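Survey of secondary and tertiary structure
Residues per chain are reported as follows:
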Protein chains: 2
Amino acid sequence: MTTSGMITLKLDLGERAYPIHIGTDLLTQEALFAPHVRGTHAVIVTNTTVAPLYAERVAATLQRLGKQVVTAVLPDGEAHKNWQTLNLIFDELLGAQADRKATLIAVGGGVVGDMTGFAAACYMRGVPFVQVPTTLLAQVDSSVGGKTGINHPLGKNMIGAFWQPSAVLADIGTLSTLPDRELAAGLAEVIKHGAIADEKYFAWIEANIEALNARDTAALTYAVQRSCEIKAQVVASDEREQGLRATLNFGHTFGHAIEAGLGYGEWLHGEAVGCGMVMAADLSARLGFIDAAFVPRIKALIAAAKLPVTGPDLGEDRYIDLMHVDKKAEGGDIRFVLLNRLGQAFMTRVPDAELRATLRANV
Amino acid sequence: MTTSGMITLKLDLGERAYPIHIGTDLLTQEALFAPHVRGTHAVIVTNTTVAPLYAERVAATLQRLGKQVVTAVLPDGEAHKNWQTLNLIFDELLGAQADRKATLIAVGGGVVGDMTGFAAACYMRGVPFVQVPTTLLAQVDSSVGGKTGINHPLGKNMIGAFWQPSAVLADIGTLSTLPDRELAAGLAEVIKHGAIADEKYFAWIEANIEALNARDTAALTYAVQRSCEIKAQVVASDEREQGLRATLNFGHTFGHAIEAGLGYGEWLHGEAVGCGMVMAADLSARLGFIDAAFVPRIKALIAAAKLPVTGPDLGEDRYIDLMHVDKKAEGGDIRFVLLNRLGQAFMTRVPDAELRATLRANV
């Protein structure tokens, strides 16, 4: 068993606290799964892309623990993050006569993790699940914090639940098979964590962006660790997003409008968020919150991470309509996460004129 | 405002505690809704049968509170308790651009309440809802306790959540429009509460069954009150059904098999539970737990409530298969709620031979 260099963080949520293990060669270690897979049934949920790479390895580990293992293989991609696909998981669970002690194991990226978590939240009114994120985006962001759900044609993640995993196993080795475009999408959330919470981390990302692009294991391990630390701290202080947690949506109001406007799956979530952060920084500067010099700085970093920095031309009105239906809209007003300064985010309503000016300047 | 004779119970669940108001003419009282409907949007969920009777009255009350009211009218019946119907609620919410502060109001029976609660649990990862049960079954049982969900072709309530309402408004007046068959279905759960928890209440039901059948307001009010007291006490001590709460499933393992075997909606849930209680009492006596004299006693009461006492002939093996997939099965074993004595229930595994004997004796 290789545990050399494994880092374990803890997400402190009282009785729902759980460990986040970060390292290499984690998928073959029974000891990491054993405390979290208690019943007779383990149901692996993965997709057509990840299944041939890692699902068999996880299944073998669970079989060595004596579990009855079945695997639900979903179609790959954000476009399939809907009820129909979710129902494939329920079909598998019920077909296997999985009971309330069954554990779901999400092996894949953010879409697989979000759907597995939501299936676990709903199956027999709630069963445990374990996150085994295999994309950078899932390792640094979506696998941690218990937000689960599916999309609706009228909005992203509109249907879901807060349902915490029993453990997160982030195996850095799985990033070796990640397509370049998905690596970049994960870096968007890495950059976001620096921007909203930690100026020094942001500077570290700037200094190490080439190592991250080149998938240097040490650089990726540090990024996953530091991002998980930031996310865990925010989630622990505000699990159900009453306040602080909403700052993790920096860039997401614009980003969700891009995703919905183009149709889910056209741009990756991280690509839309990358571009959305440029817009949110622009708006922050335009309203006098952050120094204008920060806008080209974050734009340069996002470009260096090989992410788009200019939004698709959906038309101003369409952008605004799409943002109105986004779930961050409360009481009819759109609220934006903006930056006061590098490392500090807050939520505010914004005047229509400046919002439109930002859209004009960045599409 | 008529509050004469209104009874208010409290379901004590810490920060999720809520009131259960029982009385007549509750639907027109703004003061009962006001503390629980905080945002700008109130979304009434009802069905094609109940909408013309009571939805307009509730909508008018909410409009007097200044709410934007929209109404989702679902097809009526257990056969529609599925994802497709649930999605009609989401369509209505998103079409109205309802935000996270929106409140859902369930106006109808158990199916409407279960689906509204599940929609509330899932919409934007959770919004509040109010139960306005208009059937006896919903008033004495399903509206209290926070079990929500939908059916899957392979099992009843397989997909759902624990999500507590903000309040329950049980208006006894709405029972005047209830079809006889549904009144009887509600009495099944009333009888169940006596059987599992309160010998004196069981005797009261026996003595008052004709008054209940005749919809005597005082008798119905007492039944709703006493049943809600029993249910609230059980739920408060075991919200997520780790133990005691499971005793509320007395008659349900047999009942769910009947419902699933015939196809949901063929028998009403209460009818299946009524018959299921005869089977569960028979099995309790057959295994020596309860005096054999109790079996004809409960059978007579269930018959007096105009409920079926003989199960459909699905075949023994089919009954057993259906019970295996029922969610009370844990680790592959079927566990039954049986009676030790009148007023005291417990869970146990049972030998196959006695289970088969019970099925042979009661179909």
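Note that residues are indexed from 1 along each chain, following the sequence as it is written. Numbering of ligands from 1 and lettering of chains from A proceed in the order in which they are written. Owing to the predicted nature of the model, reporting of local features is limited to residues with pLDDT of at least 70; listing and counting of side-chain atom pairs is limited to 80 or more, with chain, interface and lining totals taken over all residues. For side-chain calculations, the full set of non-hydrogen atoms in the structure is used, while hydrogens and water are omitted.

Selection criterion: UniProt positions are given in the numbering used here, feature names are shortened, and annotations may be inferred rather than shown by experiment.
Under an unreviewed UniProt entry, the name given to chain A is 3-dehydroquinate synthase, and the organism recorded is Pandoraea eparura. If you open the UniProt record of chain A and go to Pathway (unreviewed entry), you find "Metabolic intermediate biosynthesis; chorismate biosynthesis; chorismate from D-erythrose 4-phosphate and phosphoenolpyruvate: step 2/7." Here chain A is described in UniProt, under the heading Function (unreviewed entry), as follows: "Catalyzes the conversion of 3-deoxy-D-arabino-heptulosonate 7-phosphate (DAHP) to dehydroquinate (DHQ)."

**Notes on the environment of Ala353(B)**
The test is simple: Going along the chain from the N terminus, every DSSP run of H or I of four or more residues is numbered as a helix, and every run of E of two or more is numbered as a strand.
Topologically, Ala353(B) is positioned in helix α13 (residues 352-362). Distance from Ala353(B) to Gly14(B), taken between C-alpha atoms, is 44 Å for residues 339 residues apart in sequence.

**Observations regarding unusual backbone geometry**
Residue and element names in this part refer to chain B. To keep it simple, the criterion reads: The buried label goes to any residue with under 20% of its type's maximum accessible area, the exposed label to any with over 50%, and the partly exposed label to all in between, with areas taken from a 1.4 Å probe on protein chains only.
A positive phi angle, near 55 degrees, is found at Asp25, a position not held by glycine. With respect to the helices, strands and loops of the structure, Asp25 is situated in the loop between β2 (18-23) and α1 (30-33). Non-glycine residue Gln97 carries a positive phi angle of around 50 degrees. For Gln97, a relative accessible area of 43% gives the class partly exposed.

**Concerning the interface of chain A and chain B**
As a reminder of what qualifies: Any pair of residues with heavy atoms lying within 4.5 Å of one another is described as a contacting pair. Accessible area, probed at 1.4 Å, shrinks when two parts are joined; the buried area is that loss added up over both. We count a salt bridge whenever a side-chain nitrogen from Lys or Arg sits within 4 Å of a carboxyl oxygen from Asp or Glu. Pairs of N or O atoms within 3.5 Å make up the polar contacts considered here, provided that, within protein, one atom can donate a hydrogen while the other can accept it, and that residues adjacent in sequence are counted only when both atoms are side-chain atoms. For this scheme, ten residues count as nonpolar: Ala, Val, Leu, Ile, Met, Phe, Trp, Tyr, Cys and Pro. Four count as charged, namely Asp, Glu, Lys and Arg, and the remainder, Gly too, count as polar.
Contact with chain A, which involves 37 residues of that partner, is made by 37 residues of chain B. With both sides pooled, the region where chain A packs onto chain B buries about 3,400 Å², and carbon together with sulfur makes up 57% of that total. Here Glu241(B) ties to Arg100(A) by a salt bridge, and the two come within 3.3 Å at their closest N and O atoms. On the surface where chain A and chain B come into contact, there are 10 residue pairs in polar contact (both at pLDDT 80 or more). Secondary-structure elements contributing two or more residues to the side of chain A that touches chain B are α3 (83-95), α4 (110-122), β7 (147-152), β8 (155-162) and α12 (316-325) of chain A. The residue inventory of the side of chain A that touches chain B, partitioned by class, reads 17 nonpolar, 10 polar and 10 charged.

**Describing the pairing of strand β4 (residues 68-74) of chain A**
Residues and elements named next belong to chain A. Test applied: Strands pair, by our definition, only if DSSP identifies at least two bridges between them. When the strands point away from the viewer and the path from the first strand over the helix to the second turns clockwise, the crossover is right-handed.
Bridge count between strand β3 (residues 41-47) and β4: seven bridges; the pairing is parallel. Its bridge partner being in β4, Asn47 is matched across the sheet by Leu74. Between the parallel elements β3 and β4, the chain passes through helix α2 (residues 51-64) in a crossover that is right-handed.

**A closer look at the UniProt feature "binding site: Zn(2+)" (unreviewed entry) in chain A**
All names here are of chain A. According to UniProt, the positions carrying the feature "binding site: Zn(2+)" (unreviewed entry) are Glu189, His252 and His269. Considering the C-alpha atoms alone, the annotated residues occupy 81 residues of sequence yet fold into one spot, their largest mutual distance being 10.3 Å. Mapped onto the elements, Glu189 comes out in helix α6 (residues 180-197). Look at Glu189 and you get buried, because its relative accessible area is 0%. When near neighbours in sequence (up to four residues on either side) are disregarded, Glu189 contacts Leu137, Val140, Asp141, His252, His269 and Val273. By the element assignment, His269 lies in helix α10 (residues 269-286). Note on His269: relative accessible area 16%, which makes it buried. Not counting chain neighbours up to four residues away, the residues in contact with His269 comprise Leu137, Lys156, Glu189, His252, His256 and Glu259.

**Description of the domain arrangement of chain A**
Residue and element names in this part refer to chain A. The criterion, for reference: What counts as a domain boundary in this text is fixed by an automatic or database domain assignment.
Domain annotation of chain A identifies domain 1 (7-177) and domain 2 (180-362). Here domain 1 and domain 2 have C-alpha centroids that lie 25 Å from each other. Every contact between the two is made by 36 residues of domain 1 and, on the other side, 37 residues of domain 2. Of the roughly 3,000 Å² buried between domain 1 and domain 2 on both sides combined, carbon and sulfur atoms contribute 67%. Counting the surface domain 1 buries against domain 2, the share from its top three residues, Leu136, Val140 and Lys156, is 21%. In this structure, the connection of domain 1 to domain 2 is made through five salt bridges. Put simply, Arg16 and Glu239 hold a salt bridge, and the shortest N to O gap is 2.3 Å. Put simply, domain 1 and domain 2 have eight residue pairs in polar contact (both at pLDDT 80 or more) between them. For the side of domain 1 that touches domain 2, the element with the highest residue contribution is helix α5 (residues 136-142), accounting for six residues. The residue makeup of the side of domain 1 that touches domain 2, split by class, is 17 nonpolar, 13 polar and six charged.

**Considering the relation of the copies chain A and chain B**
Here the second copy of the chain follows from the first by a rotation about an axis and a shift along it. Inclusion rule: Alignment of copies: least-squares fit on C-alpha atoms of residues with pLDDT of at least 70 in both copies.
Mapping chain A onto chain B calls for a screw motion: a turn of 180 degrees about the axis and a shift of 0.0 Å along it, with 0.0 Å RMSD after fitting. Here the transformation between the copies is reduced to the relation of a two-fold axis. For chain A, the minimum C-alpha distance to the rotation axis belongs to Trp83(A) and amounts to 4.1 Å. Same-surface contact between copies: 100% of interface residues of chain A are shared with the interface of chain B.

**So, the packing of helix α7 (residues 199-213) of chain B against helix α11 (residues 294-304) of chain B**
Residues and elements named next belong to chain B. To keep it simple, the criterion reads: Axis angles are defined between N-to-C directions and span 0 to 180 degrees, where every axis is a line fitted to C-alpha atoms and, for a helix, only to the segment in contact. Convention used here: angles under 35 degrees read as roughly parallel, angles over 145 as roughly antiparallel, angles from 65 to 115 as roughly perpendicular, and any remaining angle as oblique. The handedness criterion is simple: a crossing whose near helix is rotated anticlockwise from the far helix by less than a right angle is left-handed, and one whose near helix is rotated clockwise is right-handed.
Relative orientation of the contacting elements α7 and α11 amounts to 20 degrees, with a least axis distance of 10 Å. Taken together, the axes of α7 and α11 lie roughly parallel to each other. Handedness of the α7/α11 crossing: left-handed. Contacts from Phe202, Ala203, Ile205, Glu206, Ile209 and Asn213 in α7 reach Phe294, Arg297, Ile298, Leu301 and Ala304 in α11.

**Things to note about the packing of aromatic side chains**
The test is simple: Aromatic pairing here means that ring centres of Phe, Tyr or Trp (its six-membered ring) are within 6.5 Å. Orientation follows from the plane angle: under 30 degrees is stacked, over 60 is edge-to-face, and everything else is tilted. By definition, being over a ring means that NZ of Lys or CZ of Arg is both within 6 Å of the ring centre and within 35 degrees of the ring normal.
Tallied over the entire structure, the rule returns 15 aromatic pairs over all chains. Through successive ring pairs, a cluster of aromatic residues spans Trp83(A), Phe90(A), Trp83(B) and Phe90(B). Its guanidinium or amino end placed over the ring of Phe162(B), Arg125(A) lies 5.9 Å from that ring's centre, counting from NZ or CZ.

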